[in-house]
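In case you want the letters, here they are:
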Amino acid sequence: MPDRRANFSPVQGDFDVCVIGSANLDVVARCARHPLPGETLLGSSLAEHAGGKGLNQAVAAARSGARTVLVGAVGNDAAGVSLREVLTADGIDSSYVAVRNGATGRAIIVVDDAGENTIVVIPGANQTVEVPSELPRCRVAVAQLEVPMRTVIAAFAAARALGAKTVLNPAPAVDLPAELLELSDVVVPNQHELELLGGAEHLLNLGVRALVVTLGASGVDVITAAGRTHVDPFPVDVVDTTGAGDAFCGALCARLASGHDLHDAVRWGAAAGALATTVTGAVPAQPTAEAIQSLLDVT
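The shown structure was predicted, so the numbers you read here are calculated from the model rather than taken from an experiment.

### A closer look at the sheet that holds strand β11 (residues 210-214)
Next up, step 1: Taking strand neighbours across the sheet as the criterion, the nine strands line up as β5-β4-β1-β8-β9-β10-β11-β12-β13 in an open arrangement whose pairing is mixed. Across the chains shown, the open sheet's two edge strands, defined by having one partner strand only, are β5 (97-100) and β13 (227-231).
Next up, step 2: Relative to β11, strand β10 (residues 186-187) runs parallel, the two being bridged by two bridges. Bridge pairing in β11 links Val186 to Ala210.
Next up, step 3: Each of β1 (15-20), β8 (138-143) and β9 (165-168) is contacted by helix α3 (residues 149-161), which is oriented at about 155° to β9, the strand it contacts most.

### Side note on the sheet that holds strand β2 (residues 24-30)
Next up, step 1: Taken in spatial order, the four strands make up an open sheet running β3-β2-β6-β7, and their pairing is mixed. A single partner strand is all that each edge strand has here, and the edge strands are β3 (45-51) and β7 (117-122). Between one strand axis and the next, the sheet turns by 20° as a mean value, whatever way the strands run.
Next up, step 2: Here β2 pairs with strand β6 (residues 105-111) via seven bridges, running parallel. Along β6, the bridge assignment pairs Val27 with Ile108.

### Observations concerning the packing of helix α7 (residues 244-257) against helix α8 (residues 262-276)
Next up, step 1: In the contact formed by α7 and α8, the axes pass within 7 Å of each other and the chain directions differ by 145°. Like other packed secondary-structure pairs, α7 and α8 cross with a definite hand, here right-handed. Each of Ala244, Ala247, Phe248, Ala251, Leu252, Arg255 and Leu256 in α7 lies in contact with α8, whose residues at this interface are Leu262, Asp264, Ala265, Val266, Trp268, Gly269, Ala270, Ala272, Gly273 and Ala276.
Next up, step 2: Looking at the contact of α7 with α8 residue by residue, the class counts come to 13 nonpolar, two polar and two charged.

Rules used throughout
- Residues numbered from 1 in each chain as written.
- Predicted model: local features only at pLDDT ≥ 70, side-chain atom pairs only at ≥ 80, totals over all residues.
- Heavy atoms only, no water.
- Pairing = 2+ DSSP bridges.
- Helix = DSSP H or I, 4+ residues; strand = E, 2+ residues; numbered from the N terminus.
- Contact = heavy atoms within 4.5 Å.
- Axes fitted to C-alpha atoms, helices over the stretch in contact; angles between N-to-C directions.
- Left-handed = near helix turned anticlockwise from the far one by under 90°.
- Nonpolar A, V, L, I, M, F, W, Y, C, P; charged D, E, K, R; others polar.

Dropping the structure here:
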């Protein structure tokens, strides 16, 4: 049987993982179910947590043992100070996080009793994220789409020039220029995002080396030119799905940066994503390498 796993050889760099992405303050409301259009419901609790897909994935990578740096932006408000403190607490380099006049990004999140969420993001300072004159040298560069598209393209071009592997998490889902896909070694969409992007064959034809398609409770599909493999889900008691996809993506990148093959990295990421659903909040839910390994050891 042919080897269906893409081979990723690590390069040398100052960091294992460079995350180009957003940093938000998450405002999380819990209620029994999601309201219908025009309906008002009483919630059971309200909490604030650090979040944003970029920050979440940076924390996930760092807790998986990767030397991690975040390229992003926050406002000159109390939320911006708080988010930078979160990065410092997890050992993430924040020297490439710009402080702008104005508001830090916010995410308004509603979580129901089944742990499912809906999210509205107000970008704030994330709209101003730019690629520094010299991108931090790293083994893996990962980006999402809560920062300007031109920034992601420029960052991936710079990362490729430095010899890094590039991982794109195309969320929120938008039409992507061929230029960006050609610069993406690995694309990590969910099923809905994959359909919006034209399907697996289209993406592989544009130069993407591997697709890692997250299927929620059904696991993960890994698709390369050589074929398709499947990684089964890890059964857990779901409390809150917020940040689970980011846990998967950040942990996946950390594993790739340490030289593991794609299939192993996906399984590591799947365990991280499963564990993240067992804790409320995005950053608080990001698991440690020890917790991930413990879950792998018993399944």
